[in-house]
Amino acid sequence: NECKNLASINLSNNLISINGYCFRKCVSLTLIIIPNSVTSIGDSCFSECTSLASVDLPNNLTSIDNYCFSECTSLTIVTMPNSITSIGHYCFCSCTELTSIDLPNNLTSIDYECFLNCISLTAITIPNSVTSIGNSCFEKCTSLTSIDLPNNLTSIDYECFLNCIS
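So, how was this worked out
Residues numbered from 1 in each chain as written. Predicted model: local features only at pLDDT ≥ 70, side-chain atom pairs only at ≥ 80, totals over all residues. Heavy atoms only, no water. Helix = DSSP H or I, 4+ residues; strand = E, 2+ residues; numbered from the N terminus. Contact = heavy atoms within 4.5 Å. Pairing = 2+ DSSP bridges. Axes fitted to C-alpha atoms, helices over the stretch in contact; angles between N-to-C directions. Salt bridge = Lys/Arg side-chain N within 4 Å of Asp/Glu carboxyl O.

Participant: Explain the side chain of Ser 94 to me, using residue names and the numbers behind them.
Facilitator: Note on placement: Ser 94 falls in the loop between strand S8 (86-87) and strand S9 (100-102). Leave out the neighbours within four places in its chain, and Ser 94 touches Glu 71, Cys 72, Thr 73, Leu 116, Asn 117 and Cys 118.

Participant: Tell me about the sheet that holds strand S11 (residues 123-125), and please be specific about residues and values.
Facilitator: Taken in spatial order, the three strands of this open sheet run S9-S11-S13, and their pairing is parallel. The open sheet has two edge strands, S9 and strand S13 (146-148), and neither has a second partner. Neighbour-to-neighbour, the strand axes of this sheet turn through a mean angle of 5°, independent of strand direction. Pairing analysis gives three bridges linking S11 to S13, with the strands arranged parallel. Across the sheet, residue Ala 123 finds its bridge partner in S13, namely Ser 146.

Participant: Give me the pattern of salt bridges: which residues, what numbers.
Facilitator: Taken as a whole, this structure holds one salt bridge when the rule is applied. With its nearest N and O atoms 2.9 Å apart, the salt bridge here joins Arg 24 to Glu 48. Of this pair, Arg 24 sits in the loop between strand S2 (17-18) and strand S3 (31-33) while Glu 48 sits in the loop between strand S4 (40-41) and strand S5 (54-56), placing them 24 residues apart in sequence.

Structure (structure tokens):
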């Protein structure tokens, strides 16, 4: 937490989970190599890593917890495997350089405020597996010009697209 000079991380192949707050505020972090053995990433694990530009998530990952990549203000590319079924609230909140994201095909819900204040997000396709979208999920996504909603969607919570005006 707050290792201000840590620039890269290559994690062990035996690692199964990365618990919360592990690398929070590592402002010089530009590279993370997460092995395929990791199945979960905890709360705020990489939040406020302001130099992190891209993340390639491992193939066996099933969940990304709350605030995991929030305020990663340089993050532009996130590659997510189809094994992910849940993304926690505020997960990508205030990732102001994130322009697009491909959500995994096995995702069932998008938690509240997940993409709040992603002001550069222009387009997003939500897979047919998603049945619910949490409140304020895309609030303040002022560059959003296109969104494809799935046929299986049964609920969109309040203020989901509030202030999506540039």
